[in-house]
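Architecture at a glance
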Amino acid sequence: ILIVDDNEQNRALAQTTLEEEGHRTRIASGGEEALRAFDEDLPDCVVLDVRMPGTDGLAVCRAIRQRAVGADTPILFLTALRGVETFDDALAAGGDDFLIKPVRPTELIVRVQAALKLRRLTSENRGYYETIRSQRDAMMRMQLQKEELMAFVVHDLKNPVSTLDLHAQLLLRDKSLSPSSQESARAIRNEASLLLRQISTLLDLSKNDETDLAGVPAPVGLAELVADVQRSFQLRASTKQVALSADVASDLWVMADRDLLRRVLENLLDNALRHAPHDTSVCIAAAHSSEGVVVRVSDQGLGIPEHMHHKVFERFVQAEDVRAVKGSYGLGLAFCKLAVEHQGGHIWVEDGNPGATFCVSLRHVE
């Protein structure tokens with residue numbers, strides 16, 4: 001397998017991954033070196049980066065396809081460029097597959113092995129494969145288009161929502177504003193903050209980038225963070241006549257990315273307030289457990305049926321059971337699952353009797 005990438009770490013990862021599966025590899029750090037290696041070794045498969053100094057991956061692919069011995073050599077593009085334009089250029093250059101960095105080692109192995117098996121297929125089976133591959137390429141192109149559209153939508157939504165929040169802040173500075181108007185301005189700020197969280201969640205889920213969702217883990221004091229999140233939801237809770245409470249020891253620390261953990265708690269609290277009836281309470285508690293530290297966010301609503309306990313973490317799940325509040329759980333819980341798991345934690349839901357309790361396990365810091 002010829003591995004071509006100008007990044008040393010990327011080359012090393014791909015090389016180690018493939019050699020552990022018994023493949024013999026050769027590496028190249030640039031386009032010209034890759035073409036020399038191809039002519040010398042005639043590899044069975046090429047794993048090729050797109051963007052490289054000098055002769056880029058697209059040019060390398062076209063050059064290989066012009067060689068008689070390279071007409072049917074599987075070429076897998078491995079790139080950090082997610083755009084539709086890059087995808088179309090890779091296919092036009094003669095690429096057989098398209099993987100986006102960061103790629104999981106298992107995915108790289110499976111794609112390489114599939115490419116090698118394809119080379120040995122009969123002409124009849126190859127025709128079937130080409131049909132399937134064209135369908136796969138169409139689906140991947142649609143996914144990339146969706147991501148680009150999502151990025152544009154999120155960008156266009158952030159600006160007006162931020163402007164709404166700014167005008168609400170300006171109103172709150174007006175000393176002549178009546179108490180009821182001040183309360184309305186604070187409500188606008190609260191809802192604008194909720195919209196910004198939802199917009200950020202939408203963008204994260206559209207990309208599902210493991211590196212971004214893992215964040216930068218560091219010791220986080222849970223008591224301070226929970227108190228801060230609780231304050232930001234106080235107006236919304238009081239408007240709905242729901243009491244907020246917390247039970248978190250002051251010396252309880254966890255290892256997590258603070259911003260991501262805050263967003264997880266905000267989404268869980270938002271979910272609890274949406275399902276909590278009037279004149280009830282929502283509680284955030286945290287305590288040591290065998291799994292490290294478990295944070296629990298509980299409401300006193302109608303609860304979630306047992307068969308829905310796993311499904312609520314999927315995107316846009318509808319709760320239509322007679323015990324549950326009818327409506328969509330949206331994207332917040334799906335984001336929580338991704339963010340928590342990418343930081344080495346676990347999230348699940350339990351019956352609250354009454355209500356539901358969402359639980360998050362995190363690593364403890366002594």
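Residues numbered from 1 in each chain as written. Predicted model: local features only at pLDDT ≥ 70, side-chain atom pairs only at ≥ 80, totals over all residues. Heavy atoms only, no water.

Concerning the overall build of the protein
- Helix and strand counts for the protein stand at 12 helices and 14 strands.
- When each of the 366 residues of the protein is scored for burial, the buried share is 44%.
- Put simply, of all contacts in the protein between residues at least 6 apart along the chain, 67% involve residues at least 24 apart.
- When the accessible surface of the protein is summed, it comes to about 19,000 Å², and 53% of that surface belongs to carbon and sulfur atoms. (Helix = DSSP H or I, 4+ residues; strand = E, 2+ residues; numbered from the N terminus. Buried < 20%, exposed > 50% of the residue type's maximum accessible area, 1.4 Å probe, protein only. Contact = heavy atoms within 4.5 Å. Areas by Shrake-Rupley, 256 points an atom, 1.4 Å probe, with all protein chains shown as cover.)

What about the confidence of the model for the protein?
- Mean pLDDT over the protein: 84, with 86% of residues reaching 70 or higher.
- Here residues 320-329 is a poorly scored stretch, pLDDT under 50, and it has 30 contacts once near neighbours within four places are set aside; other chains count. (pLDDT = per-residue confidence, 0-100.)

Description of the pattern of salt bridges
- Taken as a whole and judged by the stated rule, the model has 16 salt bridges.
- A salt bridge links E40 to R26; its shortest N-O distance comes to 2.9 Å. Taken together, the positions of E40 in helix 2 (residues 31-41) and R26 in strand 2 (residues 26-28) put the pair 14 residues apart, joining distant regions of the chain.
- Exposure remark for E40: the relative accessible area of 53% places this residue in the exposed category. (Salt bridge = Lys/Arg side-chain N within 4 Å of Asp/Glu carboxyl O.)

Focus on the sheet that holds strand 5 (residues 97-100)
- Spatially, 2-1-3-4-5 is the arrangement adopted by the five strands of the open sheet, whose pairing is parallel. Each of the sheet's edge strands pairs with one partner strand only, and the pair in question is strand 2 and strand 5. Adjacent strand axes in the sheet meet at a mean angle of 20°, parallel and antiparallel pairs treated alike.
- Summarising the sheet, strand 1 (residues 2-4) and strand 2 pair through three bridges and their orientation is parallel. Following the sheet pairing, V4 is matched in strand 2 by A28.
- The sheet contacts of helix 2 involve strand 1, strand 2 and strand 3 (46-48), and relative to strand 2 the element is tilted by about 155°.
- Along the sheet face, helix 3 (residues 57-66) touches strand 3 and strand 4 (75-79) and points at about 175° away from the line of strand 4. (Pairing = 2+ DSSP bridges. Axes fitted to C-alpha atoms, helices over the stretch in contact; angles between N-to-C directions.)

A word on the environment of D279
- With respect to the helices, strands and loops of the structure, D279 is situated in the loop between helix 11 (258-275) and strand 9 (280-289).
- Spatially, the C-alpha atoms of D279 and K240 are 8.1 Å apart, while their sequence positions differ by 39 residues.

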